[in-house]
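Chain by chain, the residues:
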Amino acid sequence: MSEKKSKGQERYDELAYEKKNYFTVASKEERKAIFDYAEGYKTFLDNAKTEREACEVAVKMAKDAGFTEYKFGDKLGAGDKKYFVNRGKSVVVFRVGTKNLEEDGFRLIASHIDAPRVDIKQNPLYEEAGLCFLKTHYYGGIKKYQWTTIPLALHGVVVLKNGKKVEIKVGEDPADPVFYIDDLLPHLGAEQMAKGGAKIIEGEQLNVVVGSMPYDDEKVEKKIKLTVLNILNEKYGMCEEDFISAELSAVPAYPARDIGFDRALIGAYGHDDRVCAYPALTAVLNNESEHTVVAMLVDKEEIGSEGNTGMQSRIYSDLLEDICEAMGASFRKTRYVSKCLSSDVTAAYDPNFASVYERMNSAMLACGTCMNKFTGARGKSGSNDANAEFVGEVRAMFESDGVVWQTAELGKVDAGGGGTVAKYLANLNIDTVDLGVPVISMHAPWELISKADLYSNYRAFIAFMK
Ligand code: MN
Ligand code: MN
């Protein structure tokens, strides 16, 4: 039997704030929706391991939802559903609303579709001691030792001497071979294990095993290299020099899987940041709001949002400006009243590494998508610190739509830090705040998220666009 609450306890419950685990407050229908939504996400993950593939899958989903391609200078009208592809590596999906752009602005969600990985060098192929390898240069912030002794797939494109572009994707089909980066056996690992974690495996040791069988010709010196070159030539029409104009990446070969007896978690490569990109995309595709809604799925976040496919490129503001022009609106006025969620993952509190977190301001798994008012490091440096007014506005949107969500910082003060694309959007004079899914083991070959947080993120986007 429960005792009657004291006056003080009642008052406390009324005034105090506590995070809620989404599962504990979700109705039976909502629990089902949480699990159903995760199925589509897992399929997306398995088909979109690089930014090029994510872009391609997003375009296909957009087309299926009745969206058509937009090019600079095209005409636009209310209700138009469009996608804009940037060099095959980033994509912007948008729907023109009925509200006046200059008065209402854009409702933007920006997330990224590149993920940490191991890129193949431009002159990579060599044979040594019975093995043939590809040399690599890793992409993004990784713990190098985590990328050894796991099955790897090769994804990417090669532009051949004749200008033809061929696609390579080996290691995803169960019938495919996979690739491998080796590590040292513990029996001989004493010297290695005495090193710091950053040096256990060094960058130039991340060489990918791609062959071991000598070509059947006594006269040839590099027989295994020739075996590999011969296969590449027969399958893709390429020769060694073509690696120069290739973008090939080694990524984990395993698919997304449910984790735990209750299946409430998902383990996968590249949750960062597809766990935000997929909800952003589906929220726009399923949108019926009167606002002009935009999802930007961009490239190069993991290496500083540089280049003409990264968030710092002019192409994104050019596109927004172009949309304004097509609608007869001033971009200057429109962006000033626009609102943006910079949607990227954050660190979930990890009880096995509690010392780097400050629990009160940590993202707790399954407590919903997470707002980071600021990111950055060493005194918020390098961060977009959102205005309290805008945070209040977004908070009200979530409240009125019953979104279960939370706020956090990435780790305890001075433990480290990180950044997102938020500041580049804010620099355009758009109100922006970070919101995204908490991740455990971020940037590892296999990351972990909660299905509740994934669905909460989607619900938050729908609320934001209403
Ligand atoms: Mn990210
Ligand atoms: Mn990242």
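To keep things clear, this report deals only with the structure shown in the data block. (Residues numbered from 1 in each chain as written. Chains lettered and ligands numbered in written order. Predicted model: local features only at pLDDT ≥ 70, side-chain atom pairs only at ≥ 80, totals over all residues. Heavy atoms only, no water.)

## Let's talk about the coordination of the manganese ion (ligand 1)
Here's step 1: Protein coordination of the manganese ion (ligand 1) is provided by His112 (NE2), Asp272 (OD), Asp344 (OD) and Asp344 (OD), with donor distances spanning 2.1 to 2.5 Å.
Here's step 2: When the donors of the manganese ion (ligand 1) are listed by position in the chain, the intervening gaps give H-x159-D-x71-D.
Here's step 3: A distance of 3.3 Å spans the gap from the manganese ion (ligand 1) to the manganese ion (ligand 2), which Asp272 bridges by coordinating each metal. Here Asp344 lies in the loop between strand E15 (339-342) and strand E16 (346-347) and His112 lies in strand E4 (residues 106-112), a separation of 232 residues in the sequence. Neither residue differs from the other here; His112 and Asp344 are each classed as buried. (Donors = N, O, S within 2.8 Å, 3.2 Å for Na, K, Ca; no water. Helix = DSSP H or I, 4+ residues; strand = E, 2+ residues; numbered from the N terminus. Buried < 20%, exposed > 50% of the residue type's maximum accessible area, 1.4 Å probe, protein only.)

## Let's talk about the environment of Ala386
Here's step 1: Within the secondary structure, Ala386 is located in the loop between strand E18 (376-377) and helix H12 (388-400).
Here's step 2: For the pair Ala386 and Asn162, spaced 224 residues apart in the sequence, the C-alpha separation amounts to 50 Å.

## Some remarks on the sheet that holds strand E23 (residues 447-450)
Here's step 1: Strand order across the open sheet formed by three strands is E12-E13-E23, with antiparallel pairing between neighbours. Strand pairing shows two members of the sheet lacking a second neighbour, strand E12 (257-259) and E23, which therefore form its edges. Within the sheet, the average angular offset between the axes of one strand and its neighbour, ignoring direction, is 35 degrees.
Here's step 2: Pairing geometry for strand E13 (residues 265-268) and E23, over four bridges, is antiparallel. Paired with Leu265 across the bridge in E23 is Ser450.
Here's step 3: The strands that helix H3 (residues 28-47) touches are E12, E13 and E23; relative to E13, the one it contacts most, it runs at about 5 degrees. (Pairing = 2+ DSSP bridges. Axes fitted to C-alpha atoms, helices over the stretch in contact; angles between N-to-C directions. Contact = heavy atoms within 4.5 Å.)

## As for helix H9 (residues 271-285)
Here's step 1: The end-to-end C-alpha separation of H9 is 20 Å, in line with the 21 Å expected for 15 residues at 1.5 Å each.
Here's step 2: Across the 15 residues of H9, 15 count as buried, placing the element largely inside the fold. (Expected span 1.5 Å × (residues − 1).)

## Some points on the state of the cysteines
Here's step 1: Considering all chains together, one arrives at zero disulfides under this definition.
Here's step 2: There is no disulfide at Cys239, and the cysteine sulfur nearest it, in Cys132, is 15 Å away.
Here's step 3: A residue is classified by how much of its surface remains accessible, and Cys239, at 32% relative accessible area, is partly exposed. (Disulfide = S-S within 2.5 Å.)

Honestly, that's just the spatial picture; any functional story needs more than this.
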